[in-house]
Amino acid sequence: MTQDEMKRKAAEAAMEYVVTDSIVGVGTGSTVNHFIDLLADIKGKIEGAVSSSEASTERMKKHGIRVYDLNEVNELPVYIDGADESDHYLNLIKGGGGALTREKIIAGAADKFVCIADETKLVDVLGAFPLPVEVIPMARSYIARELVKLGGRPVWRDSFITDNGNIILDVHDFEIMEPIRMENEINKLAGVVTVGIFANRPADVLILGTPEGARTVYSK
């Protein structure tokens with residue numbers, strides 16, 4: 001089974017968490033694209049969706065799924081999104097696609113956060129995947145110096161602008177043993193919009209696509 005087929009298996013298993021007649025939180029990325037395509041098959045059974053990126057919004061609108069602004073939504077039973085890495089406690093690294101800030105906002109607003117990924121994304125310690133940090137452009141050099149002090153090697157994601165008009169620093173060489181502490185440490189730096197560690201608000205459920213099918217991991 002290919003990696004893409006494993007992603008599809010995870011997306012299929014996530015469909016059981018979709019609540020009828022509700023608004024669904026939808027993330028960003030290749031695994032989520034499978035979920036969006038599946039969601040289109042039941043679009044008549046949901047009220048609509050909120051989206052973490054312009055790319056996902058466009059894909060859903062092409063399927064005829066109504067997309068709401070989060071400010072229009074009072075209740076969000078579930079948010080479905082992928083991850084670049086997950087540890088065994090369902091702390092995540094996200095932001096490889098650059099949508100980390102909107103993803104973190106929607107994850108915070110949702111009652112349940114379901115993460116879907118292929119089995120290669122499960123790791124013992126976060127950090128092999130470069131950690132994305134969304135930064136206000138004028139703070140780029142300052143934040144880069146501060147990240148070096150924390151032991152990282154930041155690389156500017158050149159020619160990339162987030163949906164919020166900011167830039168991304170991808171931080172290599174981190175071994176994130178204490179995800180909550182690291183998340184808080186980076187977030188407090190002036191000029192950081194947010195960091196791609198999801199530990200203060202980890203996933204509630206992790207669905208891994210494997211060659212044998214989908215495997216579900218609960219954090220609590």
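On a predicted model such as this, the values are computed, not experimentally measured, just so you know.

**Q** Before we move on, could you go through the pairing of strand β10 (residues 167-172) and cite the residues and values that matter?
**A** Buried residues dominate β10, accounting for five of its six residues. With five bridges joining them, strand β8 (residues 131-135) and β10 adopt antiparallel strand pairing. From the neighbouring strand, Val135 faces β10, where its bridge partner is Ile167. Of the strand pairs in this sheet, strand β9 (residues 153-156) and β10 are connected by four bridges, and their pairing is antiparallel.

**Q** Before we move on, could you go through the sheet that holds β10 and cite the residues and values that matter?
**A** Across the sheet, four strands lie side by side as β9-β10-β8-β11; this open sheet has antiparallel pairing. One side of each edge strand has no neighbouring strand; the edge strands of this open sheet are β9 and β11 (192-195). Taken over all neighbouring pairs, the strand axes of this sheet differ in orientation by 30 degrees on average, direction set aside. Bridge count between β8 and β11: three bridges; the pairing is antiparallel. Pairing of Glu134 across the sheet is with Thr194, part of β11. On top of the sheet, helix α5 (residues 140-149) reaches β8, β9, β10 and β11; it is set at about 15 degrees to β10, its chief contact. On top of the sheet, helix α6 (residues 179-187) reaches β8 and β11; it is set at about 170 degrees to β11, its chief contact.

Conventions and cut-offs
- Residues numbered from 1 in each chain as written.
- Predicted model: local features only at pLDDT ≥ 70, side-chain atom pairs only at ≥ 80, totals over all residues.
- Heavy atoms only, no water.
- Buried < 20%, exposed > 50% of the residue type's maximum accessible area, 1.4 Å probe, protein only.
- Helix = DSSP H or I, 4+ residues; strand = E, 2+ residues; numbered from the N terminus.
- Pairing = 2+ DSSP bridges.
- Axes fitted to C-alpha atoms, helices over the stretch in contact; angles between N-to-C directions.
- Contact = heavy atoms within 4.5 Å.

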